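# Examination of the molecular architecture
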Amino acid sequence: MTKAPDEPKLLSGGNPQIAKGYGDGPIQAYIAAMPGWKSDVGRKLDALIVKTVPDVHKAVKWNSPFYGIEGDGWFLSYHCFAKYIKLTFFRGTSLDPIPPVASKTPETRYFHIHDGDDLDKTPLAEWIRQASRLPGERM
């Protein structure tokens, strides 16, 4: 299959290469470029984040979507890998329950989403709500 010249390049693991940018536009470009089932999950994640934190600020940095509170930093990011999407909670050890996957960074925790996972049966909305109320990461 030949890629159209204006389509984003997929990096290793299928992560879209999207230019750094702020606002909803770069996020929607990233989501549209997510391969296969991941694009649908990206749409659901974005909608859940906006529903949970209506005043959320968005950006794409380092080929990953970031969500935060203006003037308070970023509380969540995600990234595509070959077999899953990795959600990053920058202050994850302060969440209840603590997301399951540890990080080399002491406060950061991850949550992996695989094809077919039922996001409605996870504490995602509660983690997003809690994370949005914590001091964000400045990047």
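Here, every reference points to the structure presented above.
Because the structure is a prediction, the values reported are computed rather than measured. (Residues numbered from 1 in each chain as written. Predicted model: local features only at pLDDT ≥ 70, side-chain atom pairs only at ≥ 80, totals over all residues. Heavy atoms only, no water.)

Further remarks concern the pairing of strand β3 (residues 64-69). Look at any regular strand and the pattern is simple: side chains alternate between the two faces of the sheet. In terms of burial, β3 is largely enclosed, as five of its six residues are buried. One ladder, built from five bridges, connects strand β2 (residues 57-61) with β3; its direction is antiparallel. The residue bridging K58 from the neighbouring strand is Y67, located in β3. The loop that links β2 with its antiparallel partner β3 comprises two residues; one of these, W62, has a positive phi angle of about 50°. Sheet topology note: the β3/strand β4 (residues 73-80) ladder contains four bridges and is antiparallel. Bridging from a neighbouring strand, G68 pairs with W74 of β4. The turn linking β3 back onto β4 is made up of three residues, and G71 within it adopts a positive phi angle of 80°. (Buried < 20%, exposed > 50% of the residue type's maximum accessible area, 1.4 Å probe, protein only. Helix = DSSP H or I, 4+ residues; strand = E, 2+ residues; numbered from the N terminus. Pairing = 2+ DSSP bridges.)

The strand order across the open sheet built from seven strands is β1-β2-β3-β4-β5-β7-β6, with neighbouring strands paired in antiparallel fashion. Of all strands in the sheet, those with a lone pairing partner are β1 (21-22) and β6 (101-102), marking the two edges. In the packing of helix α1 (residues 24-33) onto the sheet, the strands contacted are β1, β2, β3 and β4, and the crossing angle to β2 comes to about 55°. The strands that helix α2 (residues 37-52) touches are β2, β3, β4, β5 (85-89) and β7 (109-113); relative to β4, the one it contacts most, it runs at about 165°. (Contact = heavy atoms within 4.5 Å. Axes fitted to C-alpha atoms, helices over the stretch in contact; angles between N-to-C directions.)

On the surface, D115, D117, D118 and D120 cluster together into a negatively charged patch. As for its placement among the helices and strands, D115 is situated in the loop between β7 and α3 (124-132). (Patch = residues over 30% accessible without salt bridge, like charges linked within 9 Å, V, L, I, M, F, W, Y side chains within 5 Å. Areas by Shrake-Rupley, 256 points an atom, 1.4 Å probe, with all protein chains shown as cover. Salt bridge = Lys/Arg side-chain N within 4 Å of Asp/Glu carboxyl O. Lys, Arg positive; Asp, Glu negative; His and termini not counted. Charge placed at Lys NZ, Arg CZ, Asp CG, Glu CD.)

For the structure shown, the criterion picks out eight aromatic pairs. Considering the side-chain rings of W62 and F66, the 5.8 Å spacing of their centres and the 65° angle between planes classify their relative orientation as edge-to-face. One aromatic cluster in this structure is built from W62, F66, W74 and F90. For K86, the ring lying beneath its charged end belongs to Y110, and the centroid distance is 4.2 Å. (Phe/Tyr/Trp six-rings, centres within 6.5 Å; stacked < 30°, edge-to-face > 60°. Lys NZ or Arg CZ within 6 Å of the ring centre and 35° of its normal.)

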